[in-house]
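Residue-level structural notes
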Amino acid sequence: MDAPLPGGGVDAQKLPEASDIAGLEPIQKIRRRWPTILGAVLSVLMIAAVGRELFDTGLAGLSRVIPKSVGFWVFFLLAYLIPPTFDWFIFRKLWRIPLSGMVALHKKRISNETLIGYSGEAYFYAWARQRTKMVAAPFGAVKDVMIMSAMAGHAVTLTMLAVALPLGIELLEPDDQQTVLLAAGAVVIMTLPFIIFSRRVFSLPVPTLWWVFGMQASRIISGSVMLAFAWYFALPEVSVGMWLILVAGRLLVSRLPFLPQKETVFAAFAILMIGRGDAISELLAFTAALSLLLHALLIGCFSLFSILRKEK
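Residues numbered from 1 in each chain as written. Predicted model: local features only at pLDDT ≥ 70, side-chain atom pairs only at ≥ 80, totals over all residues. Heavy atoms only, no water.

1. Some words on the overall build of the chain
Secondary structure summary: the chain contains 11 helices and zero strands in total. Helices and strands appear in the chain in the N-to-C order α-α-α-α-α-α-α-α-α-α-α. In the chain, which comprises 312 residues, the share counted as buried stands at 38%. When the accessible surface of the chain is totalled, it reaches about 18,200 Å², and 67% of it is carbon and sulfur. (Helix = DSSP H or I, 4+ residues; strand = E, 2+ residues; numbered from the N terminus. Buried < 20%, exposed > 50% of the residue type's maximum accessible area, 1.4 Å probe, protein only. Areas by Shrake-Rupley, 256 points an atom, 1.4 Å probe, with all protein chains shown as cover.)

2. Some points on the environment of Pro138
Note on placement: Pro138 falls in helix H5 (residues 138-168). What makes Pro138 buried here is its relative accessible area of 4%. For Pro138 and Leu94, which are 44 residues apart along the polypeptide, the C-alpha to C-alpha distance reads 9.8 Å. When neighbours within four sequence positions are excluded, Pro138 is seen to be in contact with Trp95, Tyr125, Ala128 and Arg129. (Contact = heavy atoms within 4.5 Å.)

3. Digging into the UniProt feature "transmembrane region" (unreviewed entry) in the chain
Under the present numbering, the feature "transmembrane region" (unreviewed entry) in UniProt falls on residues 34-51, 71-91, 145-167, 179-197 and 292-308. Between the C-alpha atoms that bound residues 71-91 the distance is 30 Å, and the span itself is 100% helix and 0% strand. This span, residues 292-308, is 100% helix and 0% strand, and a straight line between its end C-alpha atoms measures 24 Å. (UniProt positions renumbered as here; feature names shortened; annotations may be inferred.)

4. Examining the environment of Thr114
With respect to the helices, strands and loops of the structure, Thr114 is situated in helix H3 (residues 101-114). Residues Thr114 and Leu292, 178 residues apart in the sequence, show an inter-C-alpha distance of 8.7 Å.

Shown next, in the form of structure tokens:
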């Protein structure tokens, strides 16, 4: 113990210099604040990306004929809300997150769709790190849920491919047939390492992983069905069964690797199946633009709410 001086103090030579302490404080603050900084940066990038997409091609899509059926709007909104809602149920079970966590999950979804793949997971991980009292070790759970989402998507894609390919392979050119088969093989190859090395890859217990897998598969299937019904109410002269086939094809196209211009390929496939080129292209363009518009409205509402909360 340092010997006290007559005046009750401690020898100054025993204390670290004030300049050394001042030099350490910013580093410690940065270490504590990096989740906040990362979340803010990704939020700004989300706003920029949504704005660019909306003003680039989104507004052109919104200029198409607006569906008048109430059913289209109901089922489209359900399809839009399903991904973050299922994520909330998953992380509610894992972390007991409050309903306010839906904001972070919506931002995760918007980031993944407007920036680069899995940038939303980085944002959500940063959000969880800021709430260490609620989430003790967020990295393992975010990683496992992300991997199970990909595996569920691959499983649903391969299942639909096994059902659809025998029925529609004659509609494809020989080169396209080879591309689809190679892509399906690549999906299987990408899934195998997670199965073989599952004990080293995953952090959550096996029963929890199976539950997450089921929730992710249900999310993909239910979202696709809601979108099919939305399209049916927009163009009711096309049967629900045909729309379900088309939305399954959309899911296949979006999941298969090595396939450039996926939206163009799906549009061509839809026109080939239904035959109404202008109506199909207008509906697909309007749907994509409407999603961007909802992204922009949500980002604007979240930003305004955050500003008002800080002022209070």
